[in-house]
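Coordinate analysis (summary)
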Amino acid sequence: MKKIVPFLFLLFIFACQDSPSVAESDLHYLNGYWEIEEVEFPDGSLKEYGLNSNIDFIQLENDKGFRKKLQANLGGTYDTSNHDVEQLTLSPSNGIFIMGYSNEFSQWEEKLVKLDSLSFSVVNNEGVTYNYKRFEPIKIPQ
């Protein structure tokens, strides 16, 4: 019994540790067009987004790239300006990935907490979680 208790204790400790939820091999999924699906605030309240014409385009190569704000048009094109670009770096830190942004006015970071081919989530320094989904253009039959 004396040998079993320490073993169970260690097993419990390792089982309770958070494992990284984002694999390095999945980081290529960040490239592409994304729209905010919902925002979760630290108090648990949610702000859900319905139809959203504002989207983000992310392009990363070798952990560096940019995020650009775009506005989708019904014809499948996008409007943007040269002022809506944020430089983006991706840095591993203690088993998680930090997305560092900078533009001409500010610098900030978000922790990448979930990523797959159809969605990703980040948490900012204030504890606000942004949940994104892959953007699918609206197709109007002709």
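Conventions adopted
Residues numbered from 1 in each chain as written. Predicted model: local features only at pLDDT ≥ 70, side-chain atom pairs only at ≥ 80, totals over all residues. Heavy atoms only, no water. pLDDT = per-residue confidence, 0-100. Contact = heavy atoms within 4.5 Å. Phe/Tyr/Trp six-rings, centres within 6.5 Å; stacked < 30°, edge-to-face > 60°. Helix = DSSP H or I, 4+ residues; strand = E, 2+ residues; numbered from the N terminus. Buried < 20%, exposed > 50% of the residue type's maximum accessible area, 1.4 Å probe, protein only. Pairing = 2+ DSSP bridges.

Okay, the confidence of the model for the protein chain next. Per-residue pLDDT for the protein chain averages 84, and the proportion of residues at 70 or more is 80%. Segment residues 5-19: pLDDT under 50, and zero contacts once partners within four positions in sequence are set aside and those in other chains are kept.

Below, the discussion takes up the packing of aromatic side chains. What describes a pair of aromatic rings is the distance from one ring centre to the other and the angle between the planes of the rings. Under the counting rule described, the total for this entry stands at five aromatic pairs. Ring plane angle 45° and centroid distance 4.8 Å describe the contact between tyrosine 33 and phenylalanine 57, whose orientation is recorded as tilted. Note that tyrosine 33 is positioned in strand S1 (residues 32-40) and phenylalanine 57 in strand S3 (residues 54-61), a separation of 24 residues in sequence. Using a relative accessible area of 18% as the deciding quantity, one classes phenylalanine 57 as buried. Ring centres of tyrosine 101 and tryptophan 108 lie 5.3 Å apart, and the angle between their planes is 20°; on these two criteria the pair is classed as stacked. With a relative accessible area of 3%, tyrosine 101 lands in the buried category.

Moving on to the pairing of strand S4 (residues 64-72). In terms of strand pairing, S3 meets S4 through eight bridges, oriented antiparallel. For aspartate 56, the partnering residue across the bridge sits in S4 and is lysine 69. If you look at the hairpin formed by S3 and S4, you'll find two residues sitting between the two strands, and asparagine 62 has a positive phi there, around 55°. Two elements, S4 and strand S6 (residues 85-93), share five bridges in a ladder whose sense is antiparallel. Pairing of phenylalanine 66 across the sheet is with glutamine 87, part of S6. Examined bridge by bridge, S4 and strand S5 (residues 78-79) share two bridges and lie antiparallel to one another. Counted as the bridge partner of glutamine 71 is aspartate 79 from S5.

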